[in-house]
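The chain contents come next:
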Amino acid sequence: MADIVLCTLNARWSHASFGLRYLLANLGALQERCVLVEAEIAQRSSDTLEQILVHKPQIVGLGVYVWNALEMHQLAQLLKAVRPEIRLVLGGPEISYETAAQPIAALADHIITGEADLAFAQLCRQLLEGLTPPRLIVGGNPSLDSIQLPYDLYDDNDLANRIVYVEASRGCPFECEFCLSSLDAPVRSFDTSAFLKAMEKLWERGLRRFKFVDRTFNLDIKAAVAILDFFRKRQNPQMFLHFEMIPDRLPPQLEHMLEHFAPGTIQLELGVQTFHPQAAQLIHRRQNAEQLQENLRRLATLPAVHVHADLIAGLPAEDEQSFGQGFDRLWALGVQEIQLGILKRLRGAPISRHTQAWQMVYSPLPPYELMQNKLIDFAGMQRLKRLARYWDLLGNSGHFSLTLPLLFAGRSPYGTMREFTGWMESRHHRSHGIALQWLFEMVYEFYAAAGRIDLPAIQSALAADWRNGGRRAHPTLGDAAGAPALTHARSALPPRQRRRLRDANTDQPPSPLS
């Protein structure tokens, strides 16, 4: 039994809730009267409720995020239907803004907006003492010196099997209107010495993979170098570090530190978002595009670093052609991963001020993705989403590292991906549930159908990429004469889909975007 249950729904089991552990760490004497219940969004709400109620709590706190908002509403409905006397407390980024407009808010006894590390503990003490605190509580931005760090609450199973999140700072100095961090200023840093002592304890317990959630890890260069030096001195084959950095800020001392790690040790997430000057100005995205390009080019050559660069489709003033040109610029810089995202109107984000002028239409359902705007219609946005999915399969998967340079040779990479997306859609009508072997064969057929003449070269590259994955079976990449062959992967499809593929064989692929 526990008087307090803290619960959230993670996107998947491998994610360990950072926010709940902060709340638990700061409960003080109430910590022993509280338990965590972590479930997944795919789990039935009734099963999650059962996990909660078995503890017979007086207070239930739910962490509401954009990825679990719908499922959390269902859980809150069930909780209030079965145990209306339980005090339901909501917190998290999703419920912190536009609170009154959300159906889940009507179910709550109390709502904490902003950072709830200390506010939740105070609320629980008042409720358990029989007091009547206000329904809406502003958590604000408490001093980080007053917050207890949560890292001891990761158990051994978390350290061995789950993504463990850490942070050296909170907040962001920038005002990018699509991001809630634009509302979270100024940047506040944890004491570096205390933070590194906590990291030392995690290291001694066996943790080797650290995911930093700081929005701007390299804003404070002195602290960033000290943290990197801590890990440099503990080099280990299992070590993996993830940081989100400002892409146009790479002073020599930081680059020098990155040069002293083993290959593949560090992943840098760099939010490029757009190269379009007007779009960047409209959303208050301040960055030096030339310096950004130079930094990415240098980082992509460092053996230790895997560069993950983000682009956002659908920003005001940017059409698909401009977005494609931005993709091509990133590809030319040699970054290892390009994440193509669709603009979202997160609750509270200032991007909403452009809705009327740019005719922005967002989905009313989380994660509130853009459906169309003044420059890109609904069909165009759907095409962009499919292209992003195919790019994940071809580019970000790492399965086609030798093939893609040949596929893109002398052509716009984005235009080629747009052509491939249309070609696949006209024949197969799906971008999910695609077996890897079949995808290899489809890439070859696409190349051959487009009239490209160097078929032996693409066959060789595909075969080498396949072997590099250590796979046993092999794809069918054409007959002896170099013509596309029917594949056994295709023959395994249902008869109706095989007929649809057969009937589509005379279709011409759409023209690439150049």
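Up top is the structure these notes are about.
Residues numbered from 1 in each chain as written. Predicted model: local features only at pLDDT ≥ 70, side-chain atom pairs only at ≥ 80, totals over all residues. Heavy atoms only, no water.

The next thing to look at is the overall build of the protein. Helix and strand content of the protein: 18 helices and 16 strands. At 25 Å, the protein has a C-alpha radius of gyration in line with the 24 Å of a compact globule built from 514 residues. Overall size of the protein, expressed as C-alpha extent along the three principal axes, is 80 × 55 × 50 Å. Buried residues in the protein amount to 53% of all 514 residues. Counting contacts in the protein only where the partners sit at least 6 residues apart, residues at least 24 apart contribute 73% of the total. Across the protein, the mean location of the 53 positive side-chain charges is 4 Å away from that of the 54 negative side-chain charges. (Helix = DSSP H or I, 4+ residues; strand = E, 2+ residues; numbered from the N terminus. Rg over C-alpha atoms; globule rule 2.2 N^0.38 Å. Buried < 20%, exposed > 50% of the residue type's maximum accessible area, 1.4 Å probe, protein only. Contact = heavy atoms within 4.5 Å. Lys, Arg positive; Asp, Glu negative; His and termini not counted. Charge placed at Lys NZ, Arg CZ, Asp CG, Glu CD.)

Let us look at the pattern of salt bridges. Following the criterion strictly, the structure yields 30 salt bridges and no others. Close ionic contact of D152 with K201 constitutes a salt bridge, the shortest N to O distance being 3.2 Å. Taken together, the residues D152 in the loop between strand 6 (136-140) and helix 5 (156-161) and K201 in helix 6 (residues 192-204) connect sequence positions 49 residues apart. Judged by relative accessible area, which is 52%, D152 ranks as exposed. Overlapping salt bridges, with partners in common, bring together E115, D117, E167, R170 and R188 in one network. (Salt bridge = Lys/Arg side-chain N within 4 Å of Asp/Glu carboxyl O.)

Now for the environment of H73. Its location among the elements puts H73 in helix 3 (residues 69-82). Separated by 11 residues in sequence, H73 and L62 have C-alpha atoms that sit 9.9 Å apart. Once you skip the residues sitting within four places of it in the chain, H73 turns out to touch P103, I104 and L107.

In this model helix 11 (residues 320-332) runs 18 Å from its N-terminal to its C-terminal C-alpha over 13 residues, within 8% of the 18 Å that 1.5 Å per residue would give. Every buried residue belonging to helix 11 is among E320, S322, F323, G324, G326, F327, D328 and L330, and all of these are buried. In this structure, the buried side of helix 11 is in contact with strand 12 (266-273), helix 10 (289-299), strand 13 (305-313), strand 14 (337-342), helix 12 (378-396) and helix 14 (413-428). Regarding helix 11, its N-cap is D319, as a side-chain oxygen of that residue lies 3.3 Å from the backbone nitrogen of Q321 further along. Backbone geometry just after helix 11 places G334 at a positive phi near 80°. (Expected span 1.5 Å × (residues − 1). Polar contact = N/O pair within 3.5 Å; in protein donor to acceptor, adjacent residues only side chain to side chain.)

What follows is about the side chain of H110. Tracing the chain through its elements places H110 in strand 5 (residues 110-114). If we ignore the near neighbours within four places in the chain, the residues touching H110 are R87, L88, V89, L90, L123, L127, P133, P134 and R135.

Before going further, it helps to spend a moment on the layout of surface pockets. What the second largest pocket holds in volume is close to 280 Å³. Lining the second largest pocket are 15 residues; nearest its centre among them are R162, I163, V164, R209 and F240. For the lining of the second largest pocket, the secondary structure elements donating two or more residues are helix 5, strand 10 (209-212) and strand 11 (240-245). Broken down by class, the residue content of the lining of the second largest pocket amounts to seven nonpolar, four polar and four charged. (1 Å grid on protein atoms, 1.4 Å probe; cavity = no way out; pocket = protein on both sides within 12 Å on 5 of 7 lines; lining within 4 Å. Points joined across faces, edges and corners; volume = space filled by probe spheres on them. Nonpolar A, V, L, I, M, F, W, Y, C, P; charged D, E, K, R; others polar.)

It is at 11 Å that the axes of helix 14 and helix 15 (residues 436-449) come closest, and there the two elements cross at 110°. One finds that helix 14 runs roughly perpendicular with respect to helix 15. Residues T416, E419, F420, W423, M424 and H428 of helix 14 form the contact with helix 15, whose own contacting residues are W438, L439, M442, V443, E445, F446 and A449. (Axes fitted to C-alpha atoms, helices over the stretch in contact; angles between N-to-C directions. Parallel < 35°, antiparallel > 145°, perpendicular 65-115°, else oblique.)

Here we come to the sheet that holds strand 1 (residues 4-10). A sheet is described by the order of its strands in space; here six strands give the open sequence 2-1-3-4-5-6, paired in parallel fashion. For this open sheet the edge positions go to strand 2 (34-40) and strand 6, each flanked by a neighbour on one side alone. On average, each strand axis in the sheet is inclined to that of its neighbour by 20°, with strand direction left out of account. Strands in contact with helix 1 (residues 18-25) are strand 1 and strand 2; relative to strand 2, the strand with the most contacts, it is inclined by about 175°. (Pairing = 2+ DSSP bridges.)

As a further point, take the packing of aromatic side chains. Per the counting criterion, the structure on display carries 25 aromatic pairs. Between the aromatic rings of Y151 and F195, the centroid separation amounts to 6.4 Å while the plane-to-plane angle is 75°, which identifies the pairing as edge-to-face. In this pair, Y151 sits in the loop between strand 6 and helix 5 while F195 sits in helix 6, placing the two residues 44 residues apart along the sequence. Following the ring pairs from residue to residue traces out a cluster consisting of F18, Y22, Y151, Y165, F195, W203, F210, F212, F217, F230, F231 and F243. Taking NZ or CZ as reference, R170 lies 4.7 Å from the ring centre of Y22, over its face. Over the ring of W203 we find R208; its NZ or CZ atom is 3.8 Å from the centre of that ring. (Phe/Tyr/Trp six-rings, centres within 6.5 Å; stacked < 30°, edge-to-face > 60°. Lys NZ or Arg CZ within 6 Å of the ring centre and 35° of its normal.)

Taken as a whole and judged by the stated rule, the model has zero disulfides. Not part of a disulfide, C34 finds its nearest cysteine sulfur in C124, a span of 7.2 Å. Here C34 falls in the buried class, since its relative accessible area comes to 9%. For C172, which is in no disulfide, the shortest distance to another cysteine sulfur is to C176 and amounts to 6.3 Å. (Disulfide = S-S within 2.5 Å.)

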